[in-house]
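# Examining the three-dimensional arrangement
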Amino acid sequence: MTPRPRPDDTPKKTSAKKTSVKRTSTKKPAPEVKKPAELPTAGRTADETPADERTADERAVGVRDPAGTVPAGPVPAGSGGPAGATHPAGVGVGPADRQRLLDGTHHDPHGVLGAHPVPDGVAFRAFRPYALGVTVVTDELRAELRDDGDGFFSGLLPLRAVPDAYRLLVAYEGTVLETEDAYRFLPALGELDLHLIGEGRHEELWRALGAEPMEHQGVAGTRFTVWAPNARGVRLAGGFNFWDGAGHPMRSLGSSGVWELFVPAIGEGELYKFDIARPDGSRTLRADPMARRTEAPPATSSVVHASHHEWHDTEWMARRADRPVHEAPFSVYEVHLPSWRPGLTYRQLADQLPAYVRDLGFTHVELMPVAEHPFGGSWGYQVTGFYAPTARLGTPDDFKYLVDALHRAGVGVLMDWVPAHFPRDEWALAEFDGRPLYEHADPLRADHPDWGTLEFDYGRREVRNFLVANATYWCEEFHIDGLRVDAVASMLYLDYSREPGQWVPNEHGGRENLDAVAFLQEMNATVYRRNPGVVTVAEESTAWDGVTRATHHIGPGGFGGLGFGLKWNMGWMHDSLDYVSHDPVHRKYHHDEMTFSMVYAYSENYVLPISHDEVVHGKRSLVSKMPGDWWQQRANLRAYLAFMWAHPGKQLLFMGQEFAQGAEWSEAHGPDWWLLDPAYGAEPDHRGVRDLVRDLNTRYRDEPALWERDTDPSGFAWITGDSADDNVFAFLRHAADGTPLLAVSHFSPAVRHGYRLGVPEDIPAWHEILNTDTARYGGGDITNPDPVKPESTPWHGRAASIRLTLPPLATVWLRPA
């Protein structure tokens, strides 16, 4: 069950830093505001006071007041008063505005509240529920406003212009707050921002919407902005107003659908939500869709945040675009951060994870979703805070510290990104302003049939902007090196997991979701344009044409490519795991499951994924999928991993599989690290597999043949792909300069002596550089220690051949000696 927020009417404490609001002790009386009869005149009237002794405000008002007090509020309407200190009819808030402010449905509170020029001076109006009194204070003047009831206060000061600055003294029972008036400020969001938001083209949307600590008109505070075009009104609620947003109504900025309020003295650490009046008259309290920091679940408030992290990865960022990812080594360690080492924070992980990954030789880590999510059992794939790293492990700056540490260790960082859907939590995005907003208005298009979630409306430009900007946000603000986009297939097809009658064809009568196609193309184009060296990776499980083709290249189906850099090869994963799960005696009947991937290996730019999805929910861990006894299971696993590392495509391996964990992964306890404890009797078995993974990555990096031509058919050639009876697969990989590497996988438990393989005749000798049966990996140590020289015996269609000893259930790699 997804956690729900605390009741809207329940005040809670805030973790906010101290603001600049001055609070007097409750033991002291409230500041005394002088009444008209108490005003001293020093024996002279205003006209008798020399002009050069008066302040500018005094010359405007026409009253000399050494104490600096001008009465305004206490004078009844029409009763007159000293020197224009009156409260004529019309100065207070009118009935219609009054009711809309009380209901929280006013679109322009700044047009009513604050200071406004009127024919006889300047009218001051304040809406301060629960206040006992409000006094306006400038450098020279002090004026008590009249209490108009229901929290409204007003008064007329006979000034010629609105003061550039003034403050309010707000008296409550036992205390007085001195604060700036939030309703004296101009909008803190520019016209260009609003124009770009309206066009759906604001590529740095996070700088325009959300909570932004800033200095505005010379005053420190926070600008709050939210897109809620269907709202009748929006108010700001938080720890600073005891979760009662009545006194903080926001203004609507024209037709943009954006609501804005600059609140002085509110700073980093303050908790907040938006109190939204829906079109049906009900209210809802919502977390900020653009919040850059959140409370730790199950709490759901947004948190005002400003980053103070200083990056130290300049060298990494400068060179990450030097080599295209398709022509570079790319082996990925997939990690679920909360359970990799349960209980560690981002900063504590930074002390352990980079060193571990670097030691094993992986080029990158891929982090399962780190964006905020309410239910830990979703592993992060049901996101409510798209712009906030989960607070479970620390602050956004703490997460930056982890990324920084990985970069300084020479490890790239990918993260899972989930633009396919979002959960229905009533405090988050679902019907955010009372109507479908982020989700599609058509329930058939909005409801995700598999996960009970909602699909985004990719045809709405503001929603598309929200997601495109989010992709660039992670790359630019957190220096993420790549985005693995989850569940792409569910986005691309209108009939995904839907029966006939549950979906409507597109305008051409097809099943393709044209809006989603356009969104993915825009996202990829924007990310690649703004962030050189970043790669996007699609988890796409169908045969959609052109997932990794450029967006401007039209394919046979009439679509441009989606523009991804890489695609998960789900077909290879399913086929190869099915093959190795069979007993060796039956594998000859499934031989084509290991060779079929080469039929389409160059149709896209592929990653070979052994991910978390393959070791949960009854699928068993990787080693447990293998047949036979414990020795055979480990031997099969080692042979399979070396086959995977030699196969065209990049590699991805989920945590725990690198040391042959026998149990399925669980987010509740993470990998079984105790298997590597030297005190455990079978520790050498697990350490041996991990040593192999380390050596696979080392050899992989050292052999350009394994990665330089990953996307070029000239980089691969079969030696034998049809030796089904022998359970043997042998092929060549070629570097850009033509240097070959020979990979031979033998998935039979027998030892084959003198096994003949055809080879290029121009290689004088071959040297074994990796053998998964080596004793240090836990194997039987059946190897080919000496250089192997070709013979002039034709074999496998080649003029020369070599004879090898093939260990049981093993893969060997050889290169020119």
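Check the entry above for the structure.
All values reported here derive from a predicted model rather than from experimental measurement. (Residues numbered from 1 in each chain as written. Predicted model: local features only at pLDDT ≥ 70, side-chain atom pairs only at ≥ 80, totals over all residues. Heavy atoms only, no water.)

Turning next to the packing of aromatic side chains. Taken as a whole, this structure holds 49 aromatic pairs when the rule is applied. Here Phe-224 and Tyr-272 contribute two aromatic rings whose centre-to-centre distance is 5.0 Å and whose plane-to-plane angle is 65°, an arrangement assigned as edge-to-face. You can see Phe-224 sitting in strand β11 (residues 219-227) and its partner Tyr-272 sitting in strand β15 (residues 271-277), a full 48 residues away along the chain. For the ring pair Tyr-579 and Phe-729, a centre distance of 5.6 Å and an interplane angle of 80° mean the geometry is edge-to-face. (Phe/Tyr/Trp six-rings, centres within 6.5 Å; stacked < 30°, edge-to-face > 60°. Helix = DSSP H or I, 4+ residues; strand = E, 2+ residues; numbered from the N terminus.)

Over its 17 residues, helix α11 (residues 514-530) runs 24 Å from end to end, which matches the ideal 24 Å to within 8%, given 1.5 Å per residue. Those residues of α11 lying buried are Ala-516, Val-517, Phe-519, Leu-520, Gln-521, Glu-522, Met-523, Asn-524, Thr-526 and Val-527. Those residues of α11 that are buried are in contact with β22 (412-417), α9 (461-477), β23 (482-485), α10 (488-492) and β24 (535-538). Its side-chain oxygen placed 3.2 Å from the backbone nitrogen of Asp-515, Asn-513 serves as the N-cap of α11. (Expected span 1.5 Å × (residues − 1). Buried < 20%, exposed > 50% of the residue type's maximum accessible area, 1.4 Å probe, protein only. Contact = heavy atoms within 4.5 Å. Polar contact = N/O pair within 3.5 Å; in protein donor to acceptor, adjacent residues only side chain to side chain.)

Relative to the helices and strands, Thr-105 resides in the loop between α2 (95-103) and β2 (114-118). Those residues in contact with Thr-105, other than ones at most four positions away along the chain, are Arg-100, Arg-232, Gly-233 and Ala-277.

Let us look at the sheet that holds strand β10 (residues 210-216). Strand order in the open sheet formed by four strands is β10-β11-β14-β13, and the pairing between neighbours is antiparallel. Single-partner strands in this sheet number two, and they are β10 and β13 (251-252). Bridge count for β13 against strand β14 (residues 258-264) is two bridges, and the pairing is antiparallel. Paired with Ser-252 across the bridge in β14 is Trp-259. (Pairing = 2+ DSSP bridges.)

A word on unusual backbone geometry. Note: most peptide bonds trans; most residues except glycine with negative phi. Here Pro-297 and Pro-298 are connected by a cis peptide whose omega angle stands at 10°. Relative to the assigned elements, Pro-298 resides in the loop between β16 (283-286) and β17 (302-303). Even without a glycine there, the phi angle at Arg-620 is positive, about 75°. If you trace the backbone, Arg-620 turns up in the loop between β26 (606-610) and α14 (630-646). You can call Arg-620 partly exposed: its relative accessible area is 43%. Even without glycine at this site, Ala-660 takes up a positive phi of about 60°.

This brings us to the sheet that holds strand β7 (residues 152-157). If you trace the four strands from one edge of the open sheet to the other, you get β2-β3-β7-β6, paired in antiparallel fashion. Among the strands making up the open sheet, the edge pair consists of β2 and β6 (146-149). With direction set aside, neighbouring strand axes in the sheet form an average angle of 25°. When strand β3 (residues 121-127) meets β7, the two strands line up antiparallel, connected through six bridges. When the bridges of β7 are listed, Phe-124 appears paired with Gly-155. Against the sheet, α2 contacts β3, β6 and β7, and its axis sits at roughly 140° relative to β7. (Axes fitted to C-alpha atoms, helices over the stretch in contact; angles between N-to-C directions.)

For any two helices packed against each other, the geometry is given by the interaxial angle and the distance between the axes. Two numbers describe how α14 lies on helix α15 (residues 683-702): the axes approach to 10 Å, and their chain directions differ by 10°. Between α14 and α15, the interaxial angle falls into the category roughly parallel. On the side of α14, the interface is formed by Trp-630, Arg-634, Leu-637, Arg-638, Leu-641, Ala-642 and Trp-645, while α15 contributes Asp-685, His-686, Val-689, Leu-692, Val-693, Leu-696, Asn-697 and Tyr-700. Grouping the amino acids of the contact of α14 with α15 by side-chain chemistry returns ten nonpolar, two polar and three charged. (Parallel < 35°, antiparallel > 145°, perpendicular 65-115°, else oblique. Nonpolar A, V, L, I, M, F, W, Y, C, P; charged D, E, K, R; others polar.)

Ranked by size, the top nonpolar core spans 178 residues in total, and within it Leu-337, Phe-399, Trp-474 and Trp-813 carry the most contacts. Contact partners of Trp-474, with chain neighbours within four places excluded, come to Val-370, Ala-371, Phe-386, Tyr-387, Ala-388, Pro-389, Phe-399, Met-415, Trp-417, His-479, Ile-480 and Leu-483. Formed by 19 residues, the second largest nonpolar core is a distinct cluster that contains Leu-757, Trp-766, Ile-802 and Leu-806. (Core = buried A, V, L, I, M, F, W, Y, C linked by side-chain atoms within 4.5 Å.)

Looking now at the packing of α9 against α11. Two elements in contact, α9 and α11, have axes whose closest approach is 10 Å; the angle formed by their N-to-C orientations is 30°. One way to sum up the angle between α9 and α11 is to call them roughly parallel. Relative to α11, α9 is oriented so that their crossing is right-handed. Residues Arg-464, Leu-467, Val-468, Ala-471, Thr-472, Cys-475 and Glu-476 of α9 form the contact with α11, whose own contacting residues are Phe-519, Glu-522, Met-523, Thr-526, Val-527 and Arg-530. (Left-handed = near helix turned anticlockwise from the far one by under 90°.)

Burial along strand β19 (residues 364-367) is two-sided: the face carrying His-364 and Glu-366 and the face carrying Val-365 and Leu-367 are both buried. The sheet contact formed by strand β18 (residues 331-335) and β19 spans four bridges and is parallel. What sits directly across from Val-335, in β19, is Leu-367.

Turning to the pattern of salt bridges, a few remarks are in order. Throughout the structure, instances matching the rule amount to 45 salt bridges. Asp-359 is the partner of Arg-694 in a salt bridge, and the nearest nitrogen-oxygen pair spans 2.8 Å. Taken as a pair, Arg-694 in helix α15 and Asp-359 in helix α6 (residues 346-360) lie far apart in primary sequence, 335 residues in all. Arg-694 sits in the buried class, given a relative accessible area of 18%. One salt bridge connects Arg-484 with Asp-416, and the closest N-O pair in it is separated by 3.3 Å. (Salt bridge = Lys/Arg side-chain N within 4 Å of Asp/Glu carboxyl O.)

On to empty space enclosed by the protein. Rolled over the atoms, a probe sized like a water molecule indicates the empty space that remains. A complete count under the given rule lists 13 cavities of 30 Å³ or more for this structure. In this structure, the largest cavity occupies an estimated 120 Å³ of space. In terms of lining residues, the largest cavity is bounded by 18 residues, among which Thr-294, Thr-300, Glu-372, Thr-384 and Trp-427 are the most central. Class assignment of the residues belonging to the lining of the largest cavity gives a composition of eight nonpolar, seven polar and three charged. (1 Å grid on protein atoms, 1.4 Å probe; cavity = no way out; pocket = protein on both sides within 12 Å on 5 of 7 lines; lining within 4 Å. Points joined across faces, edges and corners; volume = space filled by probe spheres on them.)

Fair warning: the whole summary comes from geometry, so function is off the table for now.
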